[in-house]
Structure formats: structure tokens, C-alpha cells
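A closer look at the structure
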Amino acid sequence: MTDRYAVIGNPIEQSKSPLIHTAFAQVTRQEMEYTKLLAPLDGFASVVDAFRASGGRGMNVTAPFKLDAFAYATDLAPSAQMAGAVNAMKFEGDKVYAENFDGVGLVRDVVHNLGCPLQGRRVLILGAGGATRGALLPILAQGPAEVVIVNRTVSKAQALAELAHQHQTGSVPVRGMGYDALGDQAFDVVLNATSASLTAELPPLSPSAFAPACLAYELAYGKGLTPFLQLARQAGVTRLADGVGMLAEQAAEAFAWWRGVRPDTAAVIAQLTVPLV
Ligand code: ATR
């Protein structure tokens, strides 16, 4: 019988996951199907129950269900615990194993695909929501010189910095602060993990935050030259990227977890890239 996987969300029409996983299955010759599942906002658990009962092997989880999946899981990986959210599940009997591959996907894209090592670098992360929570430990594991979390609501940035200190295995300095407190500090890698780009807003970041030869990375995908990337370009940054590689890499991590074979992502990234104009 063909193994079944799905992505669950609401809305779900926009999801690229079926395209990505179907392409991965073809190149790795895996006998599987991958579909989209729309769940009612209050019906996550019953839709997943039905999918499992019909032989489903695993799922990706997208908005607004990442917290529902966190509650639904029986076994949470450290990545999901730190992120406080789940983006992939694997079903084995009564067990629901849960992971969050967004952070590891981001780091793999930055370090391997974009050729920008994080070791010894000064990293600035904009935002202190779920995306930042998911990214923190994988970034810290690379051994950057420091990580600064900057957020509109300063207390959230400070709380996340504290959480990172408690959970990291190394001793990378992590600080949380407001945009005003950044002063003229400059960073080698600036990651926009706010949700501002979804509404075409610009976080109140000074252009002086971008060091020469900096990488400016927008975690959102497919929005073209967002206000954040425009700010970076105007500040003279030439290395600009959006989250298409992160999307493909988190999918490859989930695929490898489910199927035991890690697909190459280059073709999928090329297919999904939206020009930054
Ligand atoms: P996600 O799960 O995508 O990270 P989230 O948990 O709602 O979403 O977090 C969104 C983040 O984007 C928050 O850090 C938010 O700042 P506040 O904590 O101050 O609300 C940030 N954000 C959203 N819109 C923003 C804007 N226009 N400028 C700056 N930060 C913004």
C-alpha cells in the first residue's frame, strides 16, 4: 500500500508542501503520496485522528495548528519543545512523534546553500515570536560570536534571550532588547523573523545594523523585495535572501525523518524561487 502523508492547515490552498514532497519522492524513488488537508479551526484533532486511522504515516503542520499539534503529540523532540510549536509529526501505532524543523532548515539554508557560516559571526534576529523561538537553538549550535534578539515588545525579546541561555549547550552571549537600544551596533547576519512582511510593514530597524558584507535574510517566502530587504539594499547590502531555501530544507529534514533518505533541495529551490525585485 502507498504510504500516505499530508500537510494540515487552515487555509491550506497556498501550501507548497505537496509540490515539494512529491518532487522529493520522485527523485528518491519513494512509494508515497502527499496531499493537503483542510481542518476546521476547532477540528484539528479529529481530522488527524481520521488520517491516522486510515493509515496516514506522517504530517506537516502549518498555521494555525502548530500549537494544536504540540498538544496532540505524545513525544516532543527538543526542537519542538524549544520552539513551543510542532511542524512535523510521525505516526507509529499509538505514538505521535513531533518535531520542529524550521530552525534547522533555516540554518542549513544560510550555512550550506548561501555559503554563510555563522560561527564567530554577530547575528541579529528581528522579532521574538514563534519563528525566532524555533530558530534560536540551531543558530546557537553553530557557535556565533553573539546573538541579539530585537523586538517591539522588549520583554518578549528579553524572555527569549533568557530561555536560550537556559537551553543552549554552549556559552554564546544572547541579549534581548528594543530597536532603540541597538544604537549603532552592526551585525554580519540580520534575520527578519517578524511577521511584519506578511503585511508589508517595516520593523523600525536602523540601516546601521547591517555590517559591510552582511547577509540580510527574510524568513518569509515568496514576497519579493519586502520592506526589510529594501532597507537592507538601501543600506548597501548585496547578499539578500528570502525563506525559499528554509522552506525546502525544513521539508527535506522531515522527509529524511520519515523515509530515511535525504533529498537534494536544489531543484525544488530553483523551481520555487520568486525573484527579489
Ligand atoms: P510567528 O509565529 O510568525 O513568529 P508571532 O509569534 O505572532 O508570529 O510573532 C510575530 C513577531 O513579529 C513578534 O515578535 C512581533 O512583535 P511583538 O512581539 O512586539 O508583537 C513582530 N512584529 C509583527 N509585526 C511587526 C512590525 N510591524 N514591526 C516590528 N515587529 C513586528
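First, a word on what this report is: a plain description of the structure on this page. Predicted model, so just to flag it, every value in this text is computed and none were measured. (Residues numbered from 1 in each chain as written. Predicted model: local features only at pLDDT ≥ 70, side-chain atom pairs only at ≥ 80, totals over all residues. Heavy atoms only, no water.)

Topic: the overall build of the protein chain
Of regular secondary structure, the protein chain possesses 10 helices and 12 strands. Against the 2.2 N^0.38 benchmark of 19 Å for 277 residues, the protein chain shows a C-alpha radius of gyration of 19 Å, consistent with a compact globule. Seen through its principal axes, the protein chain has C-alpha atoms that stretch 60 × 35 × 35 Å. Considering the protein chain as a whole, with its 277 residues, one finds that 52% of them fall into the buried category. Considering only residue pairs separated by 6 or more positions, the protein chain has 68% of its internal contacts joining residues 24 or more positions apart. Accessible surface for the protein chain amounts to roughly 12200 Å². Of this, 52% is attributable to carbon and sulfur atoms. Here the protein chain carries 21 positive and 24 negative side-chain charges, and the mean point of each set is 3 Å from the other. (Helix = DSSP H or I, 4+ residues; strand = E, 2+ residues; numbered from the N terminus. Rg over C-alpha atoms; globule rule 2.2 N^0.38 Å. Buried < 20%, exposed > 50% of the residue type's maximum accessible area, 1.4 Å probe, protein only. Contact = heavy atoms within 4.5 Å. Areas by Shrake-Rupley, 256 points an atom, 1.4 Å probe, with all protein chains shown as cover. Lys, Arg positive; Asp, Glu negative; His and termini not counted. Charge placed at Lys NZ, Arg CZ, Asp CG, Glu CD.)

Describing the sheet that holds strand β11 (residues 210-218)
With parallel pairing, the 6 strands of this open sheet are ordered in space as β9-β8-β7-β10-β11-β12. Each end of this open sheet is capped by a strand with a single partner; those strands are β9 (174-177) and β12 (239-241). Averaged over all neighbouring strand pairs, the angle between strand axes comes to 15°, with direction disregarded. Helix α7 (residues 154-167) rests against β8 (146-150) and β9 of the sheet, and its axis sits at about 170° to β9. (Pairing = 2+ DSSP bridges. Axes fitted to C-alpha atoms, helices over the stretch in contact; angles between N-to-C directions.)

A short note on the sheet that holds strand β2 (residues 32-38)
Strand order in the open sheet formed by 6 strands is β2-β1-β3-β5-β6-β4, and the pairing between neighbours is mixed. Either end of the sheet is taken by a strand with one partner, and the two such strands are β2 and β4 (75-76). Pairing geometry for strand β1 (residues 3-9) and strand β3 (residues 56-61), over 5 bridges, is parallel. Each residue of the ladder has a partner; that of Ile8, found in β3, is Val61.

Description of the site of the ligand
Surveying the vicinity of the ligand reveals 14 residues, the closest of which are Ala128, Asn151, Thr153, Lys156 and Glu201. At a separation of 3.0 Å, an oxygen atom of the ligand approaches a polar backbone atom of Gly130. Ser195 has a polar backbone atom sitting 3.1 Å from an oxygen atom of the ligand. Relative to its unbound accessible area of 650 Å², the ligand is 72% covered by the protein chains. Residue classes in the shell around the ligand are distributed as 4 nonpolar, 7 polar and 3 charged. (Near = heavy atom within 4 Å. Polar contact = N/O pair within 3.5 Å; in protein donor to acceptor, adjacent residues only side chain to side chain. Nonpolar A, V, L, I, M, F, W, Y, C, P; charged D, E, K, R; others polar.)

Concerning α7
Taking 1.5 Å as the rise per residue, α7 with 14 residues should run 20 Å; its terminal C-alpha atoms sit 20 Å apart, in good agreement. Listed as buried for α7 are Ala157, Leu160, Ala161 and Ala164. Down the axis of α7, the sector holding all buried residues measures 105°, keeping them to one side. Residues of α7 that are buried in the fold lie against α4 (78-83), α6 (130-140), β8 and β9. (Expected span 1.5 Å × (residues − 1). Arc of directions from axis to C-beta.)

Thoughts on the packing of aromatic side chains
Across all of its chains, the model carries 7 aromatic pairs by this definition. Note on Phe24 and Phe255: the rings are 5.7 Å apart at their centroids and 75° apart in plane angle, and the pair reads as edge-to-face. Here the residue Phe24 occupies a position in helix α1 (residues 17-28), and Phe255 occupies one in helix α9 (residues 244-259), the gap between them amounting to 231 residues. Both residues of the pair, Phe24 and Phe255, count as buried. Relative to Trp258, the ring of Tyr34 has its centre 6.3 Å away and its plane inclined at 45°; by these criteria the two rings are tilted. Of the two residues, Tyr34 is situated in strand β2 and Trp258 in helix α9; the sequence distance between them amounts to 224 residues. (Phe/Tyr/Trp six-rings, centres within 6.5 Å; stacked < 30°, edge-to-face > 60°.)

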